[in-house]
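In case you want the letters, here they are:
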Amino acid sequence: MEYYGNQLSGLIEELGKLPGVGAKSAQRLAFHIIHMPEEQVEQLAEKMVNVRKNIRYCKVCCTLTDRELCPICASEKRDHSTIMVVENPRDLAAYEKTGRYDGVYHVLHGAISPQLGIGPGDIRLKELMVRLQGDVKEVIIATNSSLEGETTAMYLSKLIRPTGIKVTRIASGVPVGGDLEYIDEVTLLRALEGRVEL
Ligand code: ZN
């Protein structure tokens, strides 16, 4: 890419490192950027820097946010006695898109996988157990239906059962191995409504 000179080539190269962006897309994006008004480019760059700088975990549910408490944990309209456990913030977003769940969440940031050497100590389980000492009526386990998701669900239900808190698992309408974020809202709602007690 010598023909573009250092700066443009460098931009194309950096963009090409992003997931799902091949060499052609990187070139297309770079050309789009250099034709954008300078002010817009500045705003975009500033947003990227700021979000990277300020992103952190909600101190209650561990989802990604830029505040101490995420908007869901901070909301009085939510039912804080029902906690849905999901693997990652994208799964949380998928359930939020249904607009029909009014409880709160807990984001594990992964799932237990003996094959990959990911144990209970590597995901945000401790934080969940601390929350269960409060006023919690139900824990809905909404981990994926993959082997890792099921392993995590089983582990969780065993861990929570002695507390006497109701533990449910979303129905198996969710395709096996399917990432929650790719499932349509109707399927998600059906899985939630058809949850079974463990
Ligand atoms: Zn939160």
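It should be emphasised that the depicted structure is a prediction, and the values quoted were computed from it without experimental measurement.

Moving on, we get to the nonpolar core. With 37 residues, the main nonpolar core has Met84, Val86, Tyr95, Tyr105, Leu132, Val139 and Leu156 as its most contacted residues. Elements represented by at least two residues in this core include exactly α4 (71-74), β3 (79-86), α5 (89-98), β4 (103-107), α6 (125-131), β5 (138-141), α7 (147-160) and α8 (185-193). Setting aside chain neighbours within four positions, we find Met84 in contact with Tyr95, Tyr101, Val104, Tyr105, His106, Ile140, Ala142 and Leu192. In this structure, Leu15, Val21, Ala26 and Ile33 belong to the second largest nonpolar core, which totals eight residues.

Annotation of the chain at the domain level lists domain 1 (6-39) and domain 2 (77-197). Domain 1 and domain 2 are separated by 38 Å when their C-alpha centres are compared.

The next point concerns the sheet that holds strand β6 (residues 166-169). Across the sheet, five strands lie side by side as β4-β3-β5-β6-β7; this open sheet has mixed pairing. Edge positions in the open sheet fall to β4 and β7 (196-197), since each of these has one partner strand only. Running over the sheet, α7 touches β3, β5 and β6 and is turned about 170 degrees from β6.

With respect to the element layout, Pro120 can be found in the loop between β4 and α6. On the basis of relative accessible area, Pro120 is assigned to the partly exposed category, the value being 28%. If we skip the residues at most four places from it in the chain, Pro120 touches Ile112, Leu125 and Tyr155.

To continue, consider the pattern of salt bridges. Scanning all chains against the criterion turns up eight salt bridges. Glu96 is the salt-bridge partner of Arg78, the closest N and O atoms lying 2.8 Å from each other. Of the two residues, Arg78 is situated in the loop between α4 and β3 and Glu96 in helix α5; the sequence distance between them amounts to 18 residues. On the accessibility criterion, Glu96 (26% relative accessible area) is partly exposed. One salt bridge in this structure joins Arg195 and Glu138, with 2.7 Å as the shortest N-O distance. Here the residue Arg195 occupies a position in the loop between α8 and β7, and Glu138 occupies one in strand β5, the gap between them amounting to 57 residues. On the basis of relative accessibility, which here comes to 8%, the residue Glu138 falls in the buried class.

Further remarks concern the coordination of the zinc ion. Here the zinc ion is held by Cys58 (SG), Cys61 (SG), Cys70 (SG) and Cys73 (SG), and the distances to it run 2.3 Å. One chain supplies every donor for the zinc ion, spaced along it as C-x2-C-x8-C-x2-C. For Cys73, a relative accessible area of 11% translates into the label buried.

Attention shifts here to a negative patch on the surface. A cluster of acidic residues, Glu38, Glu39, Glu42 and Glu46, forms a negative patch on the protein surface. With respect to the secondary-structure elements, Glu38 resides in helix α3 (residues 38-54).

With that settled, consider the confidence of the model for the chain. In this model, the chain carries an average pLDDT of 91, and 93% of its residues clear a pLDDT of 70 or more. When the elements of the chain are averaged for pLDDT, α8 gives the smallest value, 81, and β4 the largest, 98.

Among the structural elements, Thr168 can be located in strand β6. In this structure, Thr168 is in contact with Glu138, Val139, Ile140, Ile141, Arg195, Val196, Glu197 and Leu198, ignoring residues within four places of it in sequence.

What follows is about α5. Looking only at α5, the buried set comprises Asp91, Leu92, Ala94, Tyr95 and Thr98. Along the long axis of α5, the arc covered by the buried residues comes to 155 degrees, so they all point the same way. Buried residues along α5 sit in contact with α4, β3, β4 and α8. Two to three positions downstream of the cap, the backbone nitrogen of Arg90 sits 3.0 Å from a side-chain oxygen, assigning the N-cap of α5 to Asn88. Immediately downstream of α5, the backbone of Gly99 shows phi near 70 degrees, a positive value.

Definitions and cut-offs
Residues numbered from 1 in each chain as written. Predicted model: local features only at pLDDT ≥ 70, side-chain atom pairs only at ≥ 80, totals over all residues. Heavy atoms only, no water. Core = buried A, V, L, I, M, F, W, Y, C linked by side-chain atoms within 4.5 Å. Buried < 20%, exposed > 50% of the residue type's maximum accessible area, 1.4 Å probe, protein only. Helix = DSSP H or I, 4+ residues; strand = E, 2+ residues; numbered from the N terminus. Contact = heavy atoms within 4.5 Å. Domains from an automatic or database assignment. Pairing = 2+ DSSP bridges. Axes fitted to C-alpha atoms, helices over the stretch in contact; angles between N-to-C directions. Salt bridge = Lys/Arg side-chain N within 4 Å of Asp/Glu carboxyl O. Donors = N, O, S within 2.8 Å, 3.2 Å for Na, K, Ca; no water. Patch = residues over 30% accessible without salt bridge, like charges linked within 9 Å, V, L, I, M, F, W, Y side chains within 5 Å. Areas by Shrake-Rupley, 256 points an atom, 1.4 Å probe, with all protein chains shown as cover. Lys, Arg positive; Asp, Glu negative; His and termini not counted. Charge placed at Lys NZ, Arg CZ, Asp CG, Glu CD. pLDDT = per-residue confidence, 0-100. Arc of directions from axis to C-beta. Polar contact = N/O pair within 3.5 Å; in protein donor to acceptor, adjacent residues only side chain to side chain.

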